[in-house]
Amino acid sequence: MNDRKTSAFGNPNAEPDTFEPGQGENTGNKLNERESIELIARMISDTKSRFEIGDGNILLNWGILTVVIASAVWAAVAATGNPAFNGLWALMAFGWIFNRRQVAKQNSRGYLSYTDKVCAAIWKSVGILGAAGVVLCTVLHLATGNSPWMVMFFYAIFVVGFGVIGSGAALKVRSMVAGGVLSVAFGMVLLGCIFSGVTLSTAWVMPGFLLCFVLMMIVPGLEMRRLARKGDERA
């Protein structure tokens, strides 16, 4: 009789089945590691500041709305001499309606990059300052009977200009930075004229104001739409 023990399959030379701890876990661990790497890579890709179709629409719409309303106010006041037409600036509220829809669309992408958060913080601050300026001018106008709305003119040039510079630097859009710098420089020229006793004339102030918004919002907005069509990414 053969004293050798046989395996379950009848092979006398087969080694008995053994189980080593962790043997069945290696495949799972390797798969989990691979899935983790893929997940991290996907998150990095999603959180890049990628220009998509419609990204330039916010700048474009604010720029166009500002230029149209400023032109209407300028023409109405010049034709009638009635400063009450400055009330047309209240139409800027329509920009907030469209802006909210565009922001909601952008937030639906998923993860927000650091760049997205920086830009959101910048424009939130610009918006808060704008609302505070409107309240201040309204209170002063009712209390004194004088028109302090020139404050909002300089708000548009300086505060919005710096907001565009900051956003342009974060997004690496040079035309935004250049347009914002031009706006701030134009504001400094106006302040210099005021403090030097030089009379400001709408014949050159308003065209300069309109040019600032064309260069710091409309032109960059068109550039961002062009980059979106090319699939441009900004980390």
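Predicted model, so just to flag it, every value in this text is computed and none were measured.

*Asks:* Hey, could you go over the overall build of the protein for me, with residue numbers and the actual values?
*Replies:* In terms of helices and strands, the protein carries seven helices and two strands. In the protein, the order of α-helices and β-strands from amino to carboxyl end is α-β-α-α-α-α-α-α-β. By the burial criterion, 31% of the 235 residues in the protein qualify as buried. Surface exposure of the protein reaches about 15,000 Å², of which carbon and sulfur atoms provide 65%.

*Asks:* Please provide a residue-by-residue account of the side chain of Ser167, values included.
*Replies:* Within the secondary structure layout, Ser167 lies in helix α5 (residues 150–171). Residue Ser167 is classed as buried on the basis of its relative accessible area of 2%. Side chain to side chain, Ser167 and Trp123 meet in a polar contact 2.6 Å long. Discounting chain neighbours no more than four positions away, the residues touching Ser167 are Cys119, Ile122, Trp123 and Met176.

*Asks:* Lay out the nonpolar core with the relevant residues and their values.
*Replies:* In this structure, Phe153, Val160, Met176, Leu190, Phe209, Phe213 and Met217 are the most contacted members of the largest nonpolar core, which totals 39 residues. Breaking this core down by element, the ones donating at least two residues are α2 (57–80), α4 (114–144), α5, α6 (174–196) and α7 (202–230). Broken down by element, the residue count for this core peaks at 11 residues, all from α5. Beyond its immediate stretch of four places on either side in the chain, Val160 contacts Trp123, Val126, Tyr155, Phe213, Met216 and Met217.

*Asks:* Give a detailed account of a nonpolar patch on the surface, specifying residues and quantitative values.
*Replies:* There is a patch of nonpolar side chains on the surface, built from Leu182, Leu211, Leu215 and Val219 and spanning about 280 Å² of accessible area. Broken down by element, the nonpolar patch gets its largest block of residues, three residues, from α7. Examined against the element boundaries, Leu211 turns out to sit in helix α7.

*Asks:* How would you sum up the packing of α5 against α7? Please name residues and give values.
*Replies:* Across the interface, α5 lies against α7 with an axial gap of 12 Å and an inter-helix angle of 25°. By the angle between their axes, α5 is roughly parallel relative to α7. Of the two elements, α5 crosses α7, and the hand of that crossing is left-handed. Every residue of α7 that contacts α5 at Phe153, Ala156, Ile157, Val160, Gly161, Val164 and Leu171 is listed here: Val205, Met206, Phe209, Phe213, Met216, Met217 and Met224. Classifying every residue of the contact of α5 with α7 gives 13 nonpolar, one polar and no charged.

*Asks:* Explain α6 to me, and be specific about the residues and the numbers.
*Replies:* Here α6 spans 33 Å end to end across 23 residues, near enough to the 33 Å set by a 1.5 Å rise per residue. Taken together, the buried positions of α6 are occupied by Ser175, Met176, Gly179, Gly180, Ser183, Val184, Phe186, Gly187, Leu190 and Cys193. Buried residues in α6 make contact with α2, α5 and α7.

*Asks:* Quick one: what's the story with the packing of aromatic side chains, residue by residue and with numbers?
*Replies:* One pass over the structure, following the stated rule, counts five aromatic pairs. An angle of 25° between the planes, with centres 4.9 Å apart, marks the rings of Phe153 and Phe209 as stacked. Of this pair, Phe153 sits in helix α5 while Phe209 sits in helix α7, placing them 56 residues apart in sequence. For the residue pair Phe153 and Phe209, the accessibility class agrees, reading buried in each case. Centroid distance Phe154 to Phe158: 6.2 Å. Interplanar angle 20°. Geometry classified as stacked. Here Phe154 and its partner Phe158 are both found in helix α5, four residues apart, which amounts to about one turn of the helix. For the pair Phe154 and Phe158, one class covers both residues: buried.

*Asks:* Which residues make up unusual backbone geometry, and what values do they have?
*Replies:* One non-glycine residue, Lys172, lies in positive phi territory at about 65°. Secondary-structure assignment places Lys172 in the loop between α5 and α6.

Rules used in this analysis
Residues numbered from 1 in each chain as written. Predicted model: local features only at pLDDT ≥ 70, side-chain atom pairs only at ≥ 80, totals over all residues. Heavy atoms only, no water. Helix = DSSP H or I, 4+ residues; strand = E, 2+ residues; numbered from the N terminus. Buried < 20%, exposed > 50% of the residue type's maximum accessible area, 1.4 Å probe, protein only. Areas by Shrake-Rupley, 256 points an atom, 1.4 Å probe, with all protein chains shown as cover. Polar contact = N/O pair within 3.5 Å; in protein donor to acceptor, adjacent residues only side chain to side chain. Contact = heavy atoms within 4.5 Å. Core = buried A, V, L, I, M, F, W, Y, C linked by side-chain atoms within 4.5 Å. Patch = residues over 30% accessible without salt bridge, like charges linked within 9 Å, V, L, I, M, F, W, Y side chains within 5 Å. Salt bridge = Lys/Arg side-chain N within 4 Å of Asp/Glu carboxyl O. Axes fitted to C-alpha atoms, helices over the stretch in contact; angles between N-to-C directions. Parallel < 35°, antiparallel > 145°, perpendicular 65-115°, else oblique. Left-handed = near helix turned anticlockwise from the far one by under 90°. Nonpolar A, V, L, I, M, F, W, Y, C, P; charged D, E, K, R; others polar. Expected span 1.5 Å × (residues − 1). Phe/Tyr/Trp six-rings, centres within 6.5 Å; stacked < 30°, edge-to-face > 60°.

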